[in-house]
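# Residue-level structure breakdown
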Amino acid sequence: MNEAENAAIDVAPIKRLARWHILVFLLPAFLVYTAVMILPLIETLRLSFYNIVDGQPAFVGFANYKVLLGDARWAHDFWNALKNNVIFFIIHMCVQNPIGVALAAMLSIPKLRFVTFYRTAIFLPTLLSFVIVGFIWKLILSPIWGVAPWMMDLVGMKSLFAPWLGRPGSALIAVSLISVWQYVGIPMMLIYAALLNIPEEVIEAAECDGITGWSQFWKIKLPLVLPAIGIISILTFVGNFNAFDLVYTVQGALAGPDMSTDILGTLLYRTFFGFQLQLGDRSMGATVATVMFLIILAGVSLYLFVIQRRIRRYQF
């Protein structure tokens, strides 16, 4: 055995230090998240399998779900809310996100002036309280004292004005567009950040090949920001199926007129807490919340395990 081999044997293995400080820093966040999210979720799932029988809580299995999906009154309200929620989500996907992408593309134009002002003005409604947004738009669209009829009269379109928030056929679309106006800044900023992160070498190579203007956006930039668009889509899905505040502010807990704007969030509120002469039912409220959780879980799982794998990844 030579000297080099002897030296290698004599060297003691290096012991890695235990990084206990990582656990110390993570522990407060873990405890808060568990208390605020995990434990309420577990209790909600448990409560959905119980109900009051002879004045005492009793395990009823899937009976609450059978009532929610099978009983004539409960099923009508649930399927109506689910249908409206799907429409609410589709409007955001087909209106909010494409507008956000278009705004981000325009803001990323190198020679555009006042970019900071435009970016701030578009993102500002996102920072406003939903109570303020709902109240302002109720005033704007009011057929009695709103400014919408007067503004449409200035451009000769007053004949097209209607009490959109008061008609069952248009109320949900009007509320959805109000939500689009408030939150369009989020996809705009995310896509704008993704566009700014595209390496200059790629843009220069495209320009050398004669790809400029909107052709460059469609052929080069858009494919590179597809992962960001995917993230925005799943955030929109989760946010829309958790929506409650804006509909409650604009249309109230009954989500009028004639429950045409009722979504799962407002149905959950009325079911769990009650409204006016209707008493709250904790078990059925937990059942509605569990169904909402399962819908969101299914959508997120579909994105993570199916859609995300199909999105082409670009690494530089």
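Above this note sits the structure.
Here goes a summary of the coordinates provided. A quick note: this is a predicted structure, and the numbers were derived from the prediction, not measured.

### A few points about the nonpolar core
- Ala104, Ile191, Leu195, Ile198, Phe217 and Val225 are the most contacted members of the largest nonpolar core, which totals 23 residues.
- Contributions of two or more residues to this core are made by α4 (72–107), α9 (185–196), α10 (200–208), α11 (213–224) and α12 (226–241).

### Observations regarding unusual backbone geometry
- Residues Gly256 and Pro257 are joined by a peptide bond in cis, for which omega reads -5°.
- Locating Pro257 in the fold gives a position in the loop between α13 (245–251) and α14 (264–273).

### Quick word on the packing of α11 against α12
- Interaxial distance between α11 and α12 falls to 4 Å at its minimum, and their mutual angle equals 55°. One way to sum up the angle between α11 and α12 is to call them oblique. Between α11 and α12, the contacting residues are Leu222, Pro223 and Leu224 on the first element and Leu226, Pro227 and Ile229 on the second.
- Looking at the contact of α11 with α12 residue by residue, the classes come out as 6 nonpolar, no polar and no charged.

### Re the pairing of strand β2 (residues 56–59)
- Bridge count between strand β1 (residues 50–53) and β2: 4 bridges; the pairing is antiparallel. Across the sheet, Tyr50 pairs through a bridge with Phe59, a residue of β2.
- The turn linking β1 back onto β2 is made up of 2 residues, and Asp54 within it adopts a positive phi angle of 55°.

### Describing the packing of aromatic side chains
- For the structure on display, the rule yields 18 aromatic pairs.
- A centroid spacing of 5.4 Å and a plane angle of 85° characterise the contact between Phe89 and Phe237, whose relative ring orientation is edge-to-face. Of this pair, Phe89 sits in helix α4 while Phe237 sits in helix α12, placing them 148 residues apart in sequence.
- Where Phe272 meets Phe273, the ring centres are 5.1 Å apart and the plane angle is 65°; that geometry is what we call edge-to-face.
- Take Phe272: its relative accessible area is 27%, and that puts it in the partly exposed class.
- On the basis of relative accessible area, Phe273 is assigned to the exposed category, the value being 59%.

### Description of the environment of Met151
- If you trace the backbone, Met151 turns up in helix α7 (residues 148–154).
- Residue Met151 is classed as partly exposed on the basis of its relative accessible area of 47%.
- The spacing of Met151 and Val131 is 20 residues in sequence and 24 Å in space, taken between C-alpha atoms.

### Things to note about the environment of Leu139
- Residue position: Leu139 is located in helix α6 (residues 130–141).
- Judged by relative accessible area, Leu139 falls into the partly exposed class, the value being 34%.
- C-alpha of Leu139 to C-alpha of Lys219: the two residues are 80 residues apart in sequence and 43 Å apart in space.

### Remarks on the side chain of Thr266
- Mapped onto the elements of the fold, Thr266 is located in helix α14.
- For Thr266, a relative accessible area of 1% puts it in the buried group.
- Excluding its chain neighbours within four sequence positions, the residues that come into contact with Thr266 are Phe244, Val247, Ala253 and Ala255.

### Focus: a nonpolar patch on the surface
- On the surface, Met106, Ile109, Leu112, Phe114, Phe117, Tyr118, Trp214 and Trp218 cluster together into a nonpolar patch covering about 870 Å² of accessible area.
- Counting residues per element, the ones that place at least two in the nonpolar patch are α5 (115–127) and α11.

### Section: the environment of Ala81
- Secondary-structure assignment places Ala81 in helix α4.
- Note: C-alpha distance between Ala81 and Ala171 (90 residues apart in sequence) is 14 Å.
- When neighbours within four sequence positions are excluded, Ala81 is seen to be in contact with Asp262, Ile263, Leu264 and Leu267.

So, how was this worked out
Residues numbered from 1 in each chain as written. Predicted model: local features only at pLDDT ≥ 70, side-chain atom pairs only at ≥ 80, totals over all residues. Heavy atoms only, no water. Core = buried A, V, L, I, M, F, W, Y, C linked by side-chain atoms within 4.5 Å. Buried < 20%, exposed > 50% of the residue type's maximum accessible area, 1.4 Å probe, protein only. Helix = DSSP H or I, 4+ residues; strand = E, 2+ residues; numbered from the N terminus. Axes fitted to C-alpha atoms, helices over the stretch in contact; angles between N-to-C directions. Parallel < 35°, antiparallel > 145°, perpendicular 65-115°, else oblique. Contact = heavy atoms within 4.5 Å. Nonpolar A, V, L, I, M, F, W, Y, C, P; charged D, E, K, R; others polar. Pairing = 2+ DSSP bridges. Phe/Tyr/Trp six-rings, centres within 6.5 Å; stacked < 30°, edge-to-face > 60°. Patch = residues over 30% accessible without salt bridge, like charges linked within 9 Å, V, L, I, M, F, W, Y side chains within 5 Å. Areas by Shrake-Rupley, 256 points an atom, 1.4 Å probe, with all protein chains shown as cover. Salt bridge = Lys/Arg side-chain N within 4 Å of Asp/Glu carboxyl O.

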